[in-house]
Amino acid sequence: MSDLIIPLIAVLFVVALVAGLVIGTRRRPSAPAQRPARGARVTRPQSPPVVTESPREQAAAPAEARPSLRDRLGKSRRFFGDRLAETLGGGLDEDTWDDIEAVLIQADIGVATARRITEDLRARARERRLGDAAEIRALLADELVSLFDATHDRALAFGPEPPTVWLVVGVNGTGKTTTIGKLTSDLAHRGRTVALAAGDTFRAAADEQLGIWAERSGATLIKHQPGADPGAVAFDAYAHAKARGIDVLLVDTAGRLHTKTPLMDELGKVRRVIERQGQVHEALLVIDATAGQNGLVQAREFADSVGVTGVALTKLDGTAKGGIALAIETTLGIPIKIIGVGEGIDDLEPFDPKTFVDALLS
Ligand SMILES: Nc1nc2c(ncn2[C@@H]2O[C@H](COP(=O)(O)OP(=O)(O)OP(=O)(O)O)[C@@H](O)[C@H]2O)c(=O)[nH]1
Ligand SMILES: [Mg+2]
């Protein structure tokens, strides 16, 4: 009998150990996520947060943590910076001003704005008797920054209590779903709970694409059958987020419809459905920077119909037309809040006019 006791104890010990491990593993996912106090920041090692709750926090983001905006702007910066260096490098004469105007027009700032900037620049350079390339460049940077409205609040808005709702709209292919994915990741890394509403029920596989982003960040996806009413998806998603106390609900939408309903009417309806239960804190219009001035025309329609509160300017990494940022602000009067500088999950930046202009001209 005593021969059996030691093996029996050993077996019991192993069973207890395995049971403990299994329970421990199962418990881990459902353990309440540690949430930081409001305003506290949880940063990823490599990236500062895109979403900030105050401009102060935005300004405090560690700049040295990842590649500079200058590098990330790629083509835009090379085009703008290099062309300007070429123009100013040959000494200052009457042609220089025409050349600067041409660079600004080609960067998609818009003809009228480019002319205004150049005339101002010339007058100020004469008044101050400037002739040095570095001084002209600094003056141009000042001029460009001053055209962005300094009174705009560029931080994405949060509601006083959950769920904060951000509705994301824009022409198809501009980068709505990708931007939502990037925002979700940023929010999740800061300890926010996120739900995604698959409001693009028209494009096949749209909710699959959103589902992949949701999975990567541990967000909840609320979707209906393909072809379902986007308003119904928004309704359910809001109810879910409210009931679960989810911090932020991001609503994806279609960029075009196959039905007879005009897209703007459909988007207006989605907004109203949410507003019957709560509030839309941001209606973010996604604009593709590579579409240049054409993007502006489409954007105006959205801005007029959906009550857009901010712009997400995407694909700035792939265009020589960084000047479109200025055209958007001066034409639409809506603040650019975030910029997309690549297809990756971290390729999203908060928009700051001075940082942007400095990166563009450097
Ligand atoms: N280079 C680059 N590509 C981007 C950026 N943002 C989005 N994209 C790409 O643009 C393409 C379209 O992006 P989506 O997010 O599917 O665009 P969407 O607006 O949701 O499109 P629809 O659902 O068809 O209306 C994808 O190939 C993205 O990877 C960006 O900032 N830079
Ligand atoms: Mg999409």
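Rules behind the numbers
Residues numbered from 1 in each chain as written. Chains lettered and ligands numbered in written order. Predicted model: local features only at pLDDT ≥ 70, side-chain atom pairs only at ≥ 80, totals over all residues. Helix = DSSP H or I, 4+ residues; strand = E, 2+ residues; numbered from the N terminus. Buried ≥ 20, exposed ≤ 12 C-beta atoms within 10 Å, placed from the backbone. Contact = placed C-beta atoms within 7 Å. Core = buried A, V, L, I, M, F, W, Y, C linked by C-beta atoms within 7 Å. Pairing = 2+ DSSP bridges. Right-handed = clockwise from strand over helix to strand, strands pointing away. Axes fitted to C-alpha atoms, helices over the stretch in contact; angles between N-to-C directions. Expected span 1.5 Å × (residues − 1). Arc of directions from axis to C-beta. Near = placed C-beta within 6 Å. Nonpolar A, V, L, I, M, F, W, Y, C, P; charged D, E, K, R; others polar. Parallel < 35°, antiparallel > 145°, perpendicular 65-115°, else oblique. Left-handed = near helix turned anticlockwise from the far one by under 90°. pLDDT = per-residue confidence, 0-100.

Novice: Hey, could you go over the overall build of the protein for me, with residue numbers and the actual values?
Specialist: The helix and strand inventory of the protein stands at 14 helices and eight strands. A buried classification covers 43% of the 362 residues belonging to the protein. The contacts in the protein between residues at least 6 apart in sequence include a share of 75% that link residues at least 24 apart.

Novice: If you had to explain the nonpolar core to someone new, which residues and values would you point to?
Specialist: In globular proteins that are soluble, nonpolar side chains generally tend to be buried together. Counting residues in hydrophobic clusters, the biggest one holds 88 residues, and the most contacted among them are L196 and L249. Here L196 is in contact with I180, T184, L210, A214, A219, L221, I222, L250 and D252, once residues within four sequence places are set aside.

Novice: Break down the pairing of strand β2 (residues 194–199) for me, with residues and values.
Specialist: Here β2 lies mainly inside the structure; six of its six residues are buried. On β2, burial covers both faces: V194, L196 and A198 on one face and A195, A197 and G199 on the other are all buried. Pairing analysis gives six bridges linking β2 to strand β4 (residues 248–253), with the strands arranged parallel. Pairing of V194 across the sheet is with V248, part of β4. Pairing of β2 with strand β3 (residues 220–222), which is carried by three bridges, proceeds in the parallel orientation. The partner of A197 across the bridge, within β3, is I222. Each parallel crossover has a hand, and the one from β2 via helix α9 (residues 206–217) to β3 is right-handed.

Novice: Describe the sheet that holds strand β6 (residues 310–314), and please don't skip the residues or the numbers.
Specialist: Taken in spatial order, the eight strands line up as β3-β2-β4-β1-β5-β6-β7-β8 in an open sheet, and their pairing is mixed. Edge strands, defined here as strands with exactly one partner in the open sheet, are β3 and β8 (348–350). Neighbouring strand axes in the sheet, compared pairwise and without regard to direction, differ in orientation by 25° on average. Sheet analysis places strand β5 (residues 282–288) next to β6, joined by five bridges and oriented parallel. When the sheet's bridge partners are listed, D288 is paired in β6 with T314. Helix α12 (residues 292–306) rests against β1 (164–169) and β5 of the sheet, and its axis sits at about 170° to β5.

Novice: Lay out helix α7 (residues 133–147) in plain terms, naming residues and giving numbers.
Specialist: Over its 15 residues, α7 extends 21 Å from the first C-alpha to the last, a length consistent with the 21 Å expected when each residue adds 1.5 Å. Within the span of α7, buried status applies to I136, L140 and L144. In a view along the axis of α7, the buried residues occupy a sector of 75°, so they form one face of it.

Novice: So what about the site of ligand 1? Which residues, and what values?
Specialist: Near ligand 1 lie 22 residues; those nearest to it are N172, G175, T178, G255 and G340. With three residues, the single largest contributor to the shell around ligand 1 is helix α8 (residues 176–189). Residue composition of the shell around ligand 1, by class: three nonpolar, twelve polar and seven charged.

Novice: So, the packing of helix α6 (residues 111–127) against α7: which residues are in play, and what are the values?
Specialist: Interaxial distance between α6 and α7 falls to 10 Å at its minimum, and their mutual angle equals 130°. As the angle between them shows, α6 and α7 are arranged oblique. Handedness of the α6/α7 crossing: right-handed. Residue-level inspection shows I117, D120, L121, R124 and A125 of α6 in contact with α7, the latter providing I136, L139, L140, E143 and L144. Split into classes, the residues belonging to the contact of α6 with α7 amount to seven nonpolar, no polar and three charged.

Novice: Residues and numbers for the packing of α8 against α9, please.
Specialist: Close contact between α8 and α9 brings their axes to 9 Å; oriented N to C, the two are set at 15°. With respect to α9, the element α8 is oriented roughly parallel. α9 is crossed by α8, and the crossing has right-handed handedness. When α8 is examined against α9, the residues T177, I180, G181, T184, S185 and A188 are found in contact with a partner set consisting of A206, Q209, L210, W213, A214, R216 and S217.

Novice: How would you summarise the confidence of the model for the protein if you had to cite specific residues and measurements?
Specialist: Per-chain confidence: the protein averages 81 in pLDDT, with 79% of residues scoring 70 or above. Here residues 17–49 is a poorly scored stretch, pLDDT under 50, and it has 27 contacts once near neighbours within four places are set aside; other chains count. A low-confidence stretch, residues 52–64 stays under pLDDT 50, and its non-local contacts, those more than four residues away or across chains, total 17 contacts.

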